[in-house]
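# Coordinates in review
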Amino acid sequence: MNIVVQKFGGTSVRNLKCMKQVLEKVLVPYNKGNKVVVVLSAMSGETNRLLGLADEWSSTPDKAELDSLVSTGEQVSTALFTMLLKDKGIKARSLLGFQAPIKTNSAFTRARILNIDNEKIKSMLEEYDILVVAGFQGCDENQRITTLGRGGSDTSAVAIAAVLKAEVCEIFTDVPGVFTTDPNICSQARKLDTVTYDEMLEMASMGAKVLQIRSVEFAKKYNVKVHVRSTFSDEIGTYVTQEDKKMESLLVSGIAYDKDQARITLARVKDVPGVSASLFTPIAEQGILVDMIVQNPSRDGRTDMTFTVPRADLNKTLEIIDSIREEMGTEEVLYDKNVCKISVIGVGMRNHSGVASKAFKALREDNINILMISTSEIKITCLIEEKYTELAIRTLHNTFGLDQSAVEENLN
Ligand code: ASP
Ligand code: MG
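Here we summarise the structure given alongside this text. In this text the structure is predicted, and so the values were computed from the model without any measurement. Per chain, the residues get numbers from 1 upward, laid out in the order the sequence is written. In the order they appear in the text, chains get letters beginning with A and ligands get numbers beginning with 1. pLDDT decides what is reported in this predicted model: residues at 70 or higher carry local features, side-chain atom pairs at 80 or more are listed and counted, and totals for whole chains, interfaces and linings draw on all residues regardless. The side-chain quantities take in all heavy atoms of the structure and omit both hydrogens and water.

### Overview of helix 8 (residues 213-222)
Worth spelling out the cut-off: Three labels apply to residues, based on accessible area from a 1.4 Å probe with only protein chains included: buried if under 20% of the type maximum, exposed if over 50%, partly exposed otherwise in between. Runs of H or I in DSSP of at least four residues are treated as helices and runs of E of at least two as strands, each being numbered from the N terminus. Note that the arc is computed from the directions linking the helix axis to the C-beta atoms.
Listed in full, the buried residues belonging to helix 8 are Ser215, Val216, Phe218 and Ala219. Down the axis of helix 8, the sector holding all buried residues measures 160 degrees, keeping them to one side. Looking one or two residues beyond helix 8, the residue adopting positive phi is Asn223, at roughly 55 degrees.

Quick look at the structure:
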């Protein structure tokens, strides 16, 4: 049995007209004789509307009830879409998370998938040609409804594709694919034909919203071929896949940015064993994600410690620091909200030197000061002042030959 998984986001199912376009897309693999599992999001705006209701009703909405509430968005879209299929005489049915079942842990609002019954879904595919599965939702061992976090339908789709060993997992959205950078900022941005799982993970962790991070982790772990493409055109999109030899020639594949950062410096903390643990343990316990961390070499037994946290967590982090200030022995706490993280991403830099210096030189030419630097095998990240974000993106995009015009020149 050849199985294709197709996921459609909220803008693709937002009304009848769009759902009819979705129908056209679903008929493509169906008409070729494939069994199709369609995973749908809620109609766009619906999840936010439901979250708004919860906020109106309660200042601290119960998380289990919240999941029961927001999961209804996907129940609506899957039922409506299945009606369209049945009107066409297609053997189809909708399938909610608890019916599949998609078993998760009990971390309401951010549950993780533990297990999907592939035998059950496969036997249903004997009876039905198309199954329309509600994305984003699952159920825990107590039969309570859970959800997978914002954007979680991507993860539902990739996980289902993994257990069914589907040919491909097509993620249909309102953009043509994955871009070298944000096209709203850089008019020279272009669609990538392929991107590796690792690059996509780095892009997603920088806030590129096209795929939920968890879905990329799943795809990588189970080697699911993911194709990100538009519902509203027939164009081929971007394949997210394993690294292959050809890709190595591409040094840099994208420039990502994240404005949702704040920088904190603890000046002159005691440089003794355990100081970092005392600082970062209570921060982690509050669920705050620390990203870049830099500690300077000490002079006279004291050192400066600088790190970044999501902007929304700045105040909470400062409160934590205040409560351990004496223990840390810090003389001053500095912070800055107006910063932005810019990353140059590419698997090609694994085998090449000079990428970092090239990025630094480009920023120098535009007189952009670098506040912090961190690197991984396939990423160079610079923290800069927020007001230079657009300029830095365009400069780096051009420097690494990613501009549309550069590619066109190469073709001529
Ligand atoms: N409807 C959910 C959300 O808006 C899940 C999804 O669309 O992926 O986050
Ligand atoms: Mg999404």
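Right, picking up where we left off after that structure.
### Quick word on the site of ligand 1
In plain terms, the rule: Neighbouring residues are identified by heavy atoms, a residue being near a molecule or strand if any of them is within 4 Å of it. In protein, a polar contact means a hydrogen-donor-capable atom and an acceptor-capable atom, both N or O and within 3.5 Å, with residues adjacent in sequence counting only if both atoms are side-chain atoms; elsewhere, any N or O pair within 3.5 Å suffices. Shrake-Rupley sampling with a 1.4 Å probe provides the accessible areas, and residues are treated as covered by the protein chains on show and by no other component. Residue type decides the class: Asp, Glu, Lys and Arg count as charged, Ala, Val, Leu, Ile, Met, Phe, Trp, Tyr, Cys and Pro as nonpolar, and the leftover types, Gly among them, as polar.
Surrounding ligand 1, one finds Ser41, Ala42, Thr47, Glu74, Phe136, Arg150, Gly151, Gly152 and Ser153. In the model, an oxygen atom of ligand 1 is placed 3.3 Å from a nitrogen or oxygen of the Gly152 main chain. For ligand 1, whose free accessible area comes to 260 Å², the fraction covered by protein is 86%. Its residues placed into classes, the shell around ligand 1 shows two nonpolar, five polar and two charged.

### Comments concerning the nonpolar core
Note the following rule: We define a nonpolar core as any set of buried Ala, Val, Leu, Ile, Met, Phe, Trp, Tyr and Cys residues linked to one another through side-chain atoms lying within 4.5 Å.
If you look at the biggest cluster of nonpolar residues, it comprises 45 residues, and the most contacted ones within it are Val5, Val37, Ile160 and Val226. Counting residues per element, this core draws most heavily on helix 6 (residues 152-164), at seven residues. In this structure, Val252, Ile342, Cys382 and Ala392 belong to the second largest nonpolar core, which totals 21 residues.

### Some words on the pairing of strand 17 (residues 372-376)
Here is the rule we go by: DSSP-based pairing: two strands are paired if at least 2 bridges between them are found.
When strand 17 meets strand 18 (residues 379-385), the two strands line up antiparallel, connected through five bridges. In the strand pairing of strand 18, Ser374 is matched with Thr381. Linking strand 17 to strand 18, which pair antiparallel, is a turn of two residues.

### Quick word on the packing of aromatic side chains
Keep this limit in mind: Side-chain rings of Phe, Tyr and Trp (the six-membered ring for Trp) are treated as a pair once their centres are within 6.5 Å; stacked means planes under 30 degrees apart, edge-to-face means over 60, and tilted covers the remaining angles.
The tally for this structure, following the rule as stated, stands at three aromatic pairs. A centroid spacing of 4.6 Å and a plane angle of 10 degrees characterise the contact between Phe8 and Phe172, whose relative ring orientation is stacked. Remark: Phe172 occurs in strand 9 (residues 168-173) and Phe8 occurs in strand 1 (residues 3-8); sequence separation between them is 164 residues. Taken individually, Phe8 and Phe172 each receive the classification buried, so the pair is uniform in this respect. Aromatic side chains Phe280 and Phe307 sit 5.0 Å apart centroid to centroid with 80 degrees between the ring planes, which places their arrangement in the edge-to-face category. Taken together, the positions of Phe280 in helix 9 (residues 275-285) and Phe307 in strand 15 (residues 302-310) put the pair 27 residues apart, joining distant regions of the chain. Exposure remark for Phe307: the relative accessible area of 0% places this residue in the buried category.

### Considering unusual backbone geometry
For the bond running from Ala100 to Pro101, omega is -20 degrees, close enough to zero to count as cis. Mapped onto the elements, Pro101 comes out in the loop between strand 3 (92-95) and strand 4 (102-104). You will see that Arg268, though not glycine, has its phi angle at about 50 degrees, which is positive. Summarising the element assignment, Arg268 is placed in strand 13 (residues 254-270). Arg268 gets classed as partly exposed once you look at its relative accessible area, which sits at 31%.

### As for the packing of helix 2 (residues 46-57) against helix 3 (residues 63-70)
Basically, it comes down to this: Geometry is summarised by axes, namely lines fitted to C-alpha atoms with helices restricted to the contacting stretch, and by angles between N-to-C directions that run from 0 to 180 degrees. Handedness of a crossing follows from how the near helix is turned relative to the far one, being left-handed for an anticlockwise turn of less than a right angle and right-handed for a clockwise one. We call two residues in contact whenever any of their non-hydrogen atoms come within 4.5 Å of each other.
Running from N to C, helix 2 and helix 3 point in directions that differ by 145 degrees, and their axes come no closer than 9 Å. The handedness of the crossing between helix 2 and helix 3 comes out as right-handed. When helix 2 is examined against helix 3, the residues Thr47, Leu50, Leu51 and Ala54 are found in contact with a partner set consisting of Leu66, Leu69 and Val70.

### Brief notes about the sheet that holds strand 14 (residues 293-295)
Strands sit in the order 14-15-13-16-18-17 across an open sheet of six strands; the sheet is antiparallel. The sheet terminates laterally at strand 14 and strand 17, the two strands that pair on one side only. Mean inter-strand twist for the sheet, computed between neighbouring axes without regard to direction, equals 25 degrees. Of the strand pairs in this sheet, strand 13 and strand 16 (residues 332-345) are connected by eleven bridges, and their pairing is antiparallel. When the bridges of strand 16 are listed, Gln261 appears paired with Val339. Sitting on the sheet, helix 10 (residues 314-323) touches strand 13, strand 15 and strand 16, and the angle it makes with strand 13 is about 15 degrees. Relative to strand 18, helix 12 (residues 355-365) is tilted by about 20 degrees, and along the sheet it contacts strand 16, strand 17 and strand 18.

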